[in-house]
Amino acid sequence: MRIGRPTTLRPLRSRAERAADRRSAQRPRRLAPMWRYLAVVGPGLIVANAGNDAGGIFTYSNVGAKYGLGLLWAMLPICVCLIIVQEMVARLGTVTGKGLMDLIRERFGVRWTLFASAVVIVANGGTTLAEFAGVAGALGLLGVPRWIAVLGAAAMIGVLVLRANRRMVERVFLALGLAFFSYIITAFLVPVDWRAVGHDLVVPSLSHGGVSSGAYIADLIALVGTSITPYMQLFLQSSIVDKGTAESDYKYVRADVISGSLFAVAVAAFIVITTAFTLNLHGFAGQGLSSSSGAQEAASALAPLAGSHAAQLFAVGLLGASLLAAAVLPLSTAFVVCEAFGAERSVQAGFNEAPLFFTLFIGLLAVGAGIMLIPGVPVSGVAIGTQVLDGILLPVLLVFIIVLANDRRLLGRRRNGPVYNAIAVALATVLSVLTAFLVITAFLPSSS
Amino acid sequence: MIFLSDFLRADVVDVHQKTVGSVRDLIVRVQEPYPVVTAVALRPRGGAPETIAWSAVRAWDDRELALNVPAASLVAYPNAETELWLSRDVLDKQIVDTDGRRVVRVNDLQLQEADSQLLLVGVDIGARGLMRRLGVEQIGRRFRRLTGSDFPQRIVSWDAVDPVESDERSVRLRISHQKLAKLHPADIAEIVGQLGGRDREAIFASLDDETAADTLEESTEEVQAQILARLSDERAADILEAMSPDEAADLLADLPEERREQLIAKMEADEAEDVEELLTYEEDTAGGLMTTEFVAIPVSLTAAATIDRLRELEPDAESIYYVYVVDDEEKLLGVLSLRDLIVAKPDTRIADIMIKRVIAVPLDARPEDVAAVIAKYNLLAVPVVDDDDRIQGIVTIDDAMDEVMPAGLKRRARAL
């Protein structure tokens, strides 16, 4: 008789024999799936990459097409600010083990949480809309009618959220998004004046290239808003918290965040450079992408690499990036808001148990898909416009982040130093001033 | 009902009606079953101390706290830093509601007067608490008049909550996870799944090996991997030993090879060998699904002798459904249910009462097929045999069910 290992009965096969059996077992127990390897890619890299979504692609392409290298100088300060902001958020997540909305609730109470939630919902709702614009644009290039594209994407996201392995799906979309590496390759295929690039990267040019100052400021805000998206900060902190990164590992987190930011800004800069030496030279200078057929135009920047397949290449990348964000945004927004208010938050709970969660999730999805279903709503116009909204709302979230990152009780010796505060406050101030300027110019007759 | 939010921001006046500040917080001493309010923290005005002992309070309503002493004789409450500040340390934080078995957020705190003491008795986790904090409870009343339905008052008794906070401060206050540890491991796993990584670790650190093992078995793969990545090798090995070998093998299979080898090396030889053997089978087969904990007896025993052996070995619940009868070469000859064994006369030979036509599955059977066999023959477990009919392990009904149930039914997704 035995339980598990034989006590008296078994030794018909010796230990050595069984070890030999084991060695000869032909198939390994588990073929580690590809995504397990990808799992070691840190949250910083994934988040920064997810920032290059539909809104990002259109905004960068538009800036390159409209101003050539004229706004390239903004990429360096944006890079510094992105690193500063992401680092603060990552530090908060690592040291406190809590998400951004949690900290806002615990530190500022119910009223401020309500306000912050409203900001997050509006910003992320706008970004979700941009992703659906991206889906419509990408599938439009492949000849799929818009209503099929939008409804199909919304249905697919609903099903994925309820059924599939979310992490695996994320990684598939992320992989599709790698199609945007083609911008970097293209930059080396077209005759780029690298000296001019070097010069314009460090020397700010204040010429608007014949564009009105209102439009110029809006483009600048969109550029910042799409590079330092509010949603990226929430997502980054949440994934760090979920991983349970130890404070002693903070140096790795920081390295991950910095390399991720550098990578994201590099890709963005290459999109600007590539479009500056393609679209800008072919009649888009001072005009930018047209509001309605922007996807087609943006795709043509990849023609030197992919020739007649440029549209398909662009569409694949855009589709992956848009679907990734469109799948994650409504869900994570609903989640962080519900968590801040202690409301039931689970896909499995069903509507009656988790009404707030499902209202937010379905609401965001419906707004994003619904607006894109309206005939004549322009793809690139929406994609870029929502980035302006993100840029306007970013300073609000930034103020919360700065106050939290200065809290001695929360962070102790890891709270912000003066240099950090100076840069972060400067970013928030500049964005607020630009926003105020944008609002003023919107109400004044155009001077150009 | 009295709530913490009624006190916050109320003016504090001394015995001469002179304002000395406004209420910033209430301070309690943690005791069983209900913490008692010991002091008031102030936003002081005119040189008053930052804390005042509760004994100096004469009367209060939602706008004013009246003291029974003059401002000049107020002294700071000495134990303020070692006790719990309700607004700072509890309000707006997450807690575990061990009655509802979920993680909730503290919207307000309910207090109650008893024997001239003010006790912390409940935690408001509902929409009413939120509206009170926002100062819009009136809207709630209007809403009720309009629709007839009310925003529910959801209050959890303080003795049913367990803190999530695992920082230095809670440790100092000796707030433990005692209540949580008494829940069913499946419930603990669900709660743990709703928390961030740091809090998960703290909770696992406070559980004993058995509970930790059961909780880990019930957790999602992500939680398992993360917890195991953080635990010391010794503790991880202890927990793995307490798990059933098949679950332990599944978990180890997901780890990087180096760490897997380390952990197996730290485990007791017997358990390690079971697990290593299971690791050689592919995941999506009967071999990968089975556990090596089962009862097998030689055919020569009597019913009484078998029962005696069972008492001696104390097998786990899931491995005692059936007793398998084997020959000298471990070939499966028959099977007995526990019922057959108990109703048989003590001196009956096993060979006479066993069921000779044993339903068994081969090592490489697919999980769906194993589940189908279990369902078709109404079994609680099915033996797994090799090519020579030698019993290698059993697949129990619970493991087979996990394989065929849609993931969504069992697993609660964590969105971020």
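Residues numbered from 1 in each chain as written. Chains lettered and ligands numbered in written order. Predicted model: local features only at pLDDT ≥ 70, side-chain atom pairs only at ≥ 80, totals over all residues.

Here we take up the overall build of chain B. Each helix and strand counted, chain B has 21 helices and 20 strands in total. For chain B, the spread of C-alpha atoms along the three principal axes comes to 95 × 50 × 45 Å. Partitioning the contacts of chain B with sequence separation of at least 6, the portion at a separation of at least 24 is 61%. (Helix = DSSP H or I, 4+ residues; strand = E, 2+ residues; numbered from the N terminus. Contact = placed C-beta atoms within 7 Å.)

Attention now goes to the overall build of chain A. Each helix and strand counted, chain A has 20 helices and 2 strands in total. Look at the contacts in chain A between residues 6 or more apart in sequence, and 86% of them connect residues 24 or more apart.

Positionally, Asp242 of chain A belongs in helix α12 (residues 230-243). Separated by 175 residues in sequence, Asp242 of chain A and Tyr67 of chain A place their C-alpha atoms 41 Å apart.

Another aspect to go through is the sheet that holds strand β9 (residues 94-97) of chain B. Residue and element names in this part refer to chain B. One open sheet holds the 3 strands; their spatial order is β10-β9-β14, and the pairing between them is antiparallel. Looking at which strands have only one partner, the edges of the open sheet turn out to be β10 (102-105) and β14 (161-163). If you compare each strand with its neighbour and ignore which way they point, the axes differ by 40° on average. Relative to β14, β9 runs antiparallel, the two sharing 3 bridges. Paired with Ile95 across the two strands is Pro163, which belongs to β14. (Pairing = 2+ DSSP bridges. Axes fitted to C-alpha atoms, helices over the stretch in contact; angles between N-to-C directions.)

Below, the discussion takes up the domain arrangement of chain B. Per the domain assignment, the segments of chain B are domain 1 (2-84), domain 2 (88-172), domain 3 (178-280) and domain 4 (295-403). Summarising the inter-unit geometry, the C-alpha centres of domain 1 of chain B and domain 4 of chain B are found 69 Å apart. (Domains from an automatic or database assignment.)

The next point concerns the sheet that holds strand β18 (residues 361-362) of chain B. The strands that make up a sheet pair up through hydrogen bonds in the backbone, lying either parallel or antiparallel. Residue and element names in this part refer to chain B. Spatially, β18-β19-β20 is the arrangement adopted by the 3 strands of the open sheet, whose pairing is mixed. Of all strands in the sheet, those with a lone pairing partner are β18 and β20 (391-396), marking the two edges. Of the pairings in the sheet, the one linking β18 to strand β19 (residues 381-385) comprises 2 bridges and is parallel in character. Pairing of Pro362 across the sheet is with Val385, part of β19. Where helix α19 (residues 367-376) meets the sheet, it contacts β18, β19 and β20, and its direction lies at approximately 130° from that of β19. Relative to β20, helix α20 (residues 397-404) is tilted by about 65°, and along the sheet it contacts β19 and β20.

The next point concerns helix α18 (residues 379-405) of chain A. Residue and element names in this part refer to chain A. Look at α18: 37 Å from first C-alpha to last across 27 residues, which is about the 39 Å you get at 1.5 Å a residue. The sharpest bend along α18 comes to roughly 30°, located at Leu393, with the proline Pro395 sitting one to four residues further on. Within α18, 24 of the 27 residues are buried, leaving the element largely enclosed by the surrounding structure. (Expected span 1.5 Å × (residues − 1). Bend = angle between axes of the 7 residues up to and from the residue. Buried ≥ 20, exposed ≤ 12 C-beta atoms within 10 Å, placed from the backbone.)

What follows covers the confidence of the model for chain B. Low pLDDT means the predicted atomic positions in that stretch should not be read closely. Residues and elements named next belong to chain B. On average, chain B scores 84 in pLDDT, and the residues at 70 or more come to 93%. Throughout residues 407-416 the model reports pLDDT below 50, and contacts reaching past four residues in sequence, or to other chains, amount to 25 contacts. Both scores are available for the predicted complex, with the pTM at 0.79 and the ipTM at 0.76. (pLDDT = per-residue confidence, 0-100.)

Another aspect to go through is unusual backbone geometry. Residue and element names in this part refer to chain B. Cis geometry marks the peptide bond from Glu32 to Pro33, where omega comes out at -5°. Along the polypeptide, Pro33 turns up in the loop between β3 (19-29) and β4 (36-44). One non-glycine residue, Ser116, lies in the positive phi region at around 60°. Looking at Ser116, the number of C-beta atoms within 10 Å reads 6, which means it is exposed. Within the chain, Asp389 stands out as a residue other than glycine whose phi angle is a positive 70°. Within the fold, Asp389 resides in the loop between β19 and β20. Taking the C-beta count within 10 Å as the criterion, Asp389 has 17 such neighbours and is therefore assigned partly exposed.

All names here are of chain B. Contact pair helix α9 (residues 209-218) / helix α11 (residues 233-242): the axes reach a minimum separation of 8 Å and the direction vectors enclose 70°. It follows from the interaxial angle that α9 and α11 lie roughly perpendicular. Listed contacts from α11 to Asp209, Glu210, Ala212, Ala213 and Leu216 of α9 are Asp238, Ile239 and Ala242. Class assignment of the residues belonging to the contact of α9 with α11 gives a composition of 5 nonpolar, no polar and 3 charged. (Parallel < 35°, antiparallel > 145°, perpendicular 65-115°, else oblique. Nonpolar A, V, L, I, M, F, W, Y, C, P; charged D, E, K, R; others polar.)

Residues and elements named next belong to chain A. Where α18 contacts helix α20 (residues 418-443), the axes come no closer than 9 Å and their chain directions differ by 150°. Taken as axis vectors, α18 and α20 run roughly antiparallel relative to one another. Note that α18 runs across α20; the crossing there is left-handed. Touching Gly391, Ile392, Leu394, Pro395, Leu398, Val399 and Ile402 of α18 are Asn421, Ala424, Val425, Leu427, Ala428, Leu431, Ser432 and Thr435, all from α20. (Left-handed = near helix turned anticlockwise from the far one by under 90°.)

Our focus in this paragraph is the confidence of the model for chain A. All names here are of chain A. Of all residues in chain A, 85% have pLDDT values of 70 or greater, and the mean over the chain is 82. The element-level mean pLDDT for chain A is lowest in strand β2 (residues 5-6), coming to 33, with helix α6 (residues 100-141) highest at 93. Here residues 1-40 scores under 50 on pLDDT; set against residues more than four positions off or in separate chains, the count is 45 contacts.

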